[in-house]
Amino acid sequence: MSLRNENRKHLEGLCRKFRQDLIKLLHGIQTGHPGGSLSSAEIMTTLYYEKLNVNAKNAKDENRDRFILGKGHAAPMLYLILADLGFFPKEDLVTLRQLDSHLQGHPSAKTTNGIELSTGPLGLGLPAGLGIALAAKLDKKDYTTYVLMGDGELQEGIVWEAVMSASKFKADNLIVIIDNNGVQLDGTLEEIMPMGDIGAKWAAFGWNVLHIDGHDVGAISDAVDTAKTLKGKPTVIVARTVKGKGVSFMEGKSAWHGKPIGKDEYVTAMSELEVAL
Amino acid sequence: MTAVKRAIRDVYGDTLAQLGSENKNIIALDADVGSSSKSIVFGKAFPERYFNVGIAEANMVAMAAGFATTGKIPFANTFAAFMVLRAGDPVRSLIAYTNLNVKLAGTYAGLSDSYDGASHHSIADIAFMRSMPNMTVISISDPVEAELATRAAASYMGPVYLRLSRAEAPVIFDKKTYDYKIGKGVTLVDGSDLTIVATGYMLVKALEAAELLAKKGISARVVNIHTIKPIDRELLVECARQTGAIVTVEEHNVFGGLGSAVAEVLAMHQPVPIEIVGIEDTFAESGDYEKLLGKYGLQAANVVARAEKVVKRKK
Ligand SMILES: Cc1ncc(C[n+]2csc(CCOP(=O)(O)OP(=O)(O)O)c2C)c(N)n1
Ligand SMILES: [Mg+2]
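In this text, all values refer to a predicted model and were calculated from it rather than measured experimentally.

1. Some points on the packing of helix α1 (residues 5-29) of chain A against helix α10 (residues 263-275) of chain A
Residues and elements named next belong to chain A. The interhelical angle for the contact between α1 and α10, taken along N-to-C directions, is 170 degrees, at an axis separation of 9 Å. Accordingly, the angle class assigned to the pair α1 and α10 is roughly antiparallel. Touching R16, R19, Q20, I23, K24 and H27 of α1 are K263, Y266, A269, M270, L273, E274 and V275, all from α10. The residue inventory of the contact of α1 with α10, partitioned by class, reads six nonpolar, two polar and five charged.

The structure is reproduced here in structure tokens:
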């Protein structure tokens, strides 16, 4: 069922707020990854507020949906969402990346409530997610496992080992979303390592492939609904996004993958985000 | 030691580019961290000899092995953690096994990529690299060593692991007088009550500790072991014999690193009390670098405490 207009507005409002909070947070601590956090705002927000069956009050419910952030460096965006949903106090957010905080630079399942899997080293989220999805089948549970991946992350060989395995084991309860922002750390994918037609590659391994605008909350919601109806094969949603989305000088720039935000940059970014959307 | 600081990785990148202009056989590879490792400096100067393979470390290192079989001198660059953990198989099965002339530059070693957290820290790389037959393992302590070690690695025939820090490090050595030789330890401070054996960024902490100990009336010798393998056995035995006690200091798990290497040598050739200062077999966490070093027991004060302990253990 498509998103109702008010839900769409609500999600868009949340994304705007999360973007502002993200810039504030990362400017405050002078470390962390703005680009890939901003590009995944709509994807993670739509999943957490519309799709995932998760509940902060019962975070370890064995029937919960599982969300795995393969591109672990987008942790700040995930933390903003988890705090908003009550997985941990919002006051914790300012301790991000500081000594003695449970909020690690990359998600840590050992320390932070709501984190399903420790990630950071790229490429490990998908195979681990596949293990979770196959366990659901063994246990006859109907939860869905979601893995959010970067497009540069797809360059790791282990990703294709997992793509192959998910297909063989018919993991139709596994949904992968690719944050296809076209940019990695050192430059654009085109410059560093072109991935060509990403959808065609996954299709060749036997996956269902959906293409959407990754900043359109309605499209994200619809694609997830469609994916859930597709049986017999895993589904990948290739979400076209813009790295650094919402902050003009960060958009499409690999330089903003993991750069500290300066004072003037902070002011400009915030003023753009005030009026955005 | 001067107050002048330079980022070790900047010096490394500049040196690599300089080497590239001196020797056409030198090529460089990176796995999408060229702007962090600074291999990009080489890449800008010699785009046709620079191969950024994307986020694919194992592929990069296996490619480097192939290059080496044709007489090229490849420098492969990535974070130390991923050099060992992702590219471990080609490091062993292609490079170490056949003794190929590949240089493996592992940047962001130890806790130096402090804010990224335990997922990016590298506290097992020395243990892995040291247990690869044929591998030379070099750890870099200051900007001067960054240049000299990179040059030495380039002219050395055989596989070399260069352990590089993300940190801005104070200049310890004088480039004009430093006779840098692979496999040769360096005594920086003389002393008679114990020897502090340090490597990498921990050398600064060792020097600081020696000063603090002097104020307490304890005379500490300070030795820099920049080449962890092959280790300078002669120097270590001499220090053990003359000072009768050893404290090792490294930004690595206490298992399998410098401390282990020193203990292996001395247990067989000159047994004396040894204290191993390092990360106590635990994952660290995100945080400010110096604070992190404090919490995980790698500041000068920790070295001082262990030095006092080891001196008491002397008979
Ligand atoms: C195995 C591994 N190699 C290298 C890195 C360093 N690294 C962190 S993020 C990144 C680029 C990621 O690009 P992409 O997957 O496209 O993420 P996004 O654009 O969404 O930020 C790199 C190379 C890493 N975290 N893990
Ligand atoms: Mg990307």
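Further notes follow.
2. A closer look at the coordination of the magnesium ion (ligand 2)
Tetrahedral metal sites with four donors have an ideal angle of 109.5 degrees; octahedral sites with six donors have ideal angles of 90 or 180 degrees. All names here are of chain A. Coordination of the magnesium ion (ligand 2) by the protein is provided by D151 (OD), N181 (OD1) and V183 (O), with metal-donor distances spanning 2.1 to 2.2 Å. Positions of the donor residues of the magnesium ion (ligand 2), expressed as sequence spacing, correspond to D-x29-N-x1-V. Note that D151 is positioned in the loop between β2 (145-150) and α6 (157-168) and N181 in the loop between β3 (174-180) and α7 (189-192), a separation of 30 residues in sequence. The exposure class of D151 is buried, given its relative accessible area of 2%.

3. Points about the pattern of salt bridges
Residue and element names in this part refer to chain A. Within this structure, the stated rule accounts for 30 salt bridges over all chains. Across the pair K17 and D21 runs a salt bridge, and its minimum N-O distance is 2.9 Å. Here D21 and K17 lie together in helix α1, a separation of four residues that amounts to about one turn. Residue K17 is classed as partly exposed on the basis of its relative accessible area of 36%. For D225, the salt bridge is made with K51, and the minimal N-O distance between the two is 2.9 Å. Here D225, found in helix α9 (residues 217-229), pairs with K51, found in helix α3 (residues 41-51); they are 174 residues apart in sequence, far enough to count as distant. A residue is classified by how much of its surface remains accessible, and K51, at 13% relative accessible area, is buried.

4. Observations concerning the packing of helix α10 (residues 233-243) of chain B against helix α11 (residues 258-269) of chain B
All names here are of chain B. Where α10 contacts α11, the axes come no closer than 10 Å and their chain directions differ by 65 degrees. By crossing handedness, the relation of α10 to α11 is classed as right-handed. Packed against α10, whose contacting residues are R233, L236, V237 and A240, the element α11 presents V262, V265, L266 and H269 at the interface. Considering only residue class, the contact of α10 with α11 consists of six nonpolar, one polar and one charged.

5. Some details on the domain arrangement of chain B
Residue and element names in this part refer to chain B. Examined at the domain level, chain B breaks down into domain 1 (5-170) and domain 2 (186-310). Domain 1 and domain 2 are separated by 25 Å when their C-alpha centres are compared. With 34 residues of domain 1 in contact, the opposing surface of domain 2 contributes 35 residues. Of the roughly 2,400 Å² buried between domain 1 and domain 2, counting both surfaces, carbon and sulfur atoms make up 58%. When the buried surface of domain 1 facing domain 2 is broken down by residue, L111, I123 and R130 rank first, second and third, together holding 30% of it. Viewed at the interface, domain 2 and domain 1 are joined by one salt bridge. Two residues, E264 and R130, come together in a salt bridge whose shortest N-O distance is 2.8 Å.

Criteria and cut-off values
- Every chain is numbered independently, its residues counted from 1 as its sequence is written.
- Labels follow written order: the first chain is A, the first ligand is 1, and so on.
- With the structure being a predicted model, the display of local features is reserved for residues of pLDDT at least 70 and the display and counting of side-chain atom pairs for 80 or more, all residues being used for whole-chain, interface and lining totals.
- To get the side-chain values, all heavy atoms of the structure are used, and hydrogens and water are removed first.
- Between the N-to-C directions of two axes lies an angle of 0 to 180 degrees, each axis being a line fitted to C-alpha atoms and, for a helix, fitted only over the stretch in contact.
- Where helices and strands are cited, they refer to DSSP runs of H or I of at least four residues and of E of at least two residues respectively, numbered from the N terminus.
- Every angle not falling under 35 degrees, over 145, or within 65 to 115 is termed oblique; those three ranges are roughly parallel, roughly antiparallel and roughly perpendicular.
- Only heavy atoms matter for contacts: two residues are in contact if any of them lie within 4.5 Å across the pair.
- Ten residue types, Ala, Val, Leu, Ile, Met, Phe, Trp, Tyr, Cys and Pro, are classed as nonpolar, four, Asp, Glu, Lys and Arg, as charged, and the remainder, Gly among them, as polar.
- Only nitrogen, oxygen and sulfur atoms qualify as donors, and only when within 2.8 Å of the metal (3.2 Å in the case of Na, K and Ca); with water excluded, sites may look incomplete.
- A simple rule labels every residue: compare its accessible area, found with a 1.4 Å probe on the protein chains alone, to the largest value its type can have, and call it buried under 20%, exposed over 50%, or partly exposed in between.
- We define a salt bridge as a contact between a side-chain nitrogen of Lys or Arg and a carboxyl oxygen of Asp or Glu at a distance within 4 Å.
- The sense of a crossing depends on the near helix, which, turned anticlockwise from the far helix by less than a right angle, makes the crossing left-handed and, turned clockwise, makes it right-handed.
- A domain assignment, automatic or from a database, supplies the domain bounds used here.
- Two parts placed together each lose some accessible area under a 1.4 Å probe, and the buried area is that loss summed for both.

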